[in-house]
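Secondary and tertiary structure notes
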Amino acid sequence: MTPEEKEKLEAEAEKLRAEASSLRKGGWSKPSSWVPLLVAIAAIGTSIGQYQVSSFKEKEAALDAREKVVEAKEEESQLKDRNKKLEKRANELTEYISQATTQMSQLQDEIRTANNELLAVAEKKNIGPEKIAELERSIEKRTKKAESIVASAKKRNAEVELQNLVWQMNSEFKPDRLAAVAKLIESHSDSQAAVEYAVELITMPQLESLSASGRINVLVFLRNTKPIAWNKELLSGVDAAIDEIKNRAETGNAYIGPQTEEAINKLQRHVNEITHNKAN
């Protein structure tokens, strides 16, 4: 073996010994081998941090949603209590006016009877024609006044009953709500007064008193009304009411579900059609 060959063998052996030593140590003695590990540790740490932040945000959002649900339930309970009181008051008022109207009708009959008796007495006493004619005019005047009072009371009673029926669309009890909507569509779809009362219900501040079901019921009734029930002011009013409902939903002050959104869109198309036809 030549000296050169011997030198090469020793160099190779030294190289092998160095590699073997490196393998036994796992390469951790070299700083350059730390870099991938540190990068991996940093990446894992970042992922864990992002997961913790994301998890915290999800929990925070869930808590906010839960708080909103609780607030909505409390608000719904308050609305139900208010609705009960309003329904009770409306029923009492309707009953009172009905009784008053009946009493005035009875009074009108009594006045008519008394007037006839008065005329009979005057004729028996042979009162002159001029006096009897004067008495008849006086009786006719009082009779017309009594009839006017009774007619006014009946009209007011009908108005209160209609207002109460419109308000029943927001009743706590589902059967009452559905019955009110059905009756309004069947008997009052051409009533300007019914439309006016309904538009008022979806206009602030009355809008805040409506439950979700009540709001949908009002929208359903209005979209089933006839063009004759609408005038320029009511068309303008319902447009403003719809804009207010949408605005409250966009700002987070109210929630519009798919059913309510569909009812709003149908009413908007109905109103647009009526407005277009009235303009032509």
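Report on the accompanying structure.

What counts and what doesn't
Residues numbered from 1 in each chain as written. Predicted model: local features only at pLDDT ≥ 70, side-chain atom pairs only at ≥ 80, totals over all residues. Heavy atoms only, no water. Helix = DSSP H or I, 4+ residues; strand = E, 2+ residues; numbered from the N terminus. Buried < 20%, exposed > 50% of the residue type's maximum accessible area, 1.4 Å probe, protein only. Areas by Shrake-Rupley, 256 points an atom, 1.4 Å probe, with all protein chains shown as cover. Axes fitted to C-alpha atoms, helices over the stretch in contact; angles between N-to-C directions. Parallel < 35°, antiparallel > 145°, perpendicular 65-115°, else oblique. Left-handed = near helix turned anticlockwise from the far one by under 90°. Contact = heavy atoms within 4.5 Å. Nonpolar A, V, L, I, M, F, W, Y, C, P; charged D, E, K, R; others polar. Core = buried A, V, L, I, M, F, W, Y, C linked by side-chain atoms within 4.5 Å. Expected span 1.5 Å × (residues − 1). Arc of directions from axis to C-beta. Polar contact = N/O pair within 3.5 Å; in protein donor to acceptor, adjacent residues only side chain to side chain.

**Quick look at the overall build of the chain**
The helix and strand inventory of the chain stands at eight helices and zero strands. The helix and strand sequence of the chain, counted from the amino end, reads α-α-α-α-α-α-α-α. Within the span of the chain, comprising 280 residues, buried residues form 27% of the whole. With an accessible surface of roughly 19,500 Å², the chain has 55% of that area assigned to carbon and sulfur atoms.

**Digging into unusual backbone geometry**
Met204 connects to Pro205 through a cis peptide bond whose omega is 0°. The topology assignment puts Pro205 in the loop between helix H5 (192-201) and helix H6 (212-223).

**Some points on the packing of helix H4 (residues 174-187) against H6**
At a minimum axis distance of 10 Å, the contact between H4 and H6 shows a crossing angle of 15°. Classified by the angle their axes make, H4 and H6 are roughly parallel. The handedness of the crossing between H4 and H6 is right-handed. Across the interface between the two elements, Arg177, Val181, Leu184 and Ile185 from H4 touch Ser213, Asn217, Val220 and Phe221 from H6. Here the contact of H4 with H6 is built from residues that sort into five nonpolar, two polar and one charged.

**Structural notes on the packing of H6 against helix H8 (residues 258-279)**
The geometry of a pair of packed helices is captured by two quantities: the angle between their axes and the separation between those axes. Contact geometry of H6 with H8 gives a least axis separation of 9 Å together with a crossing angle of 25°. One way to sum up the angle between H6 and H8 is to call them roughly parallel. Along this stretch, H6 crosses H8, giving a crossing that reads as left-handed. Across the interface between the two elements, Arg215, Ile216, Leu219, Leu222 and Arg223 from H6 touch Gln259, Thr260, Ala263, Ile264, Lys266, Leu267 and His270 from H8. Of the residues assigned to the contact of H6 with H8, the class counts are six nonpolar, three polar and three charged.

**Remarks on the nonpolar core**
Met169, Leu184, Ile202, Leu222, Trp230 and Val238 are the most contacted members of the largest nonpolar core, which has 37 residues in total. Taken together, the elements giving at least two residues each to this core come down to helix H3 (129-167), H4, H5, H6, helix H7 (232-250) and H8. Not counting chain neighbours up to four residues away, the residues in contact with Trp230 comprise Gln192, Val195, Val199, Leu222, Thr225, Leu235, Val238, His270, Val271, Ile274 and Lys278.

**Examining H6**
For H6, which comprises twelve residues, the first-to-last C-alpha distance of 17 Å matches the rise-based estimate of 16 Å (1.5 Å per residue) to within 8%. Burial runs high along H6: nine of the twelve residues are buried. Each element contacted by the buried residues of H6 is listed here: H4, H5, H7 and H8.

**A closer look at H7**
Taking 1.5 Å of rise per residue, the 19 residues of H7 would be expected to cover 27 Å, and the 27 Å separating its terminal C-alpha atoms lies within 8% of that figure. If you check which residues of H7 are buried, you get Leu234, Leu235, Val238, Ala241, Ile242, Ile245 and Arg248. Within H7, the buried residues cover an arc of 155° as seen down the axis, which keeps them to one side. Exposed positions of H7 whose direction lies more than 90 degrees from the buried face are Lys232, Glu233 and Glu250. One side-chain oxygen at the N-terminal end of H7 lies 3.2 Å from the backbone nitrogen of Glu233; it belongs to Asn231. A positive backbone phi angle near 85° is found at Gly252, which sits one or two residues after H7.

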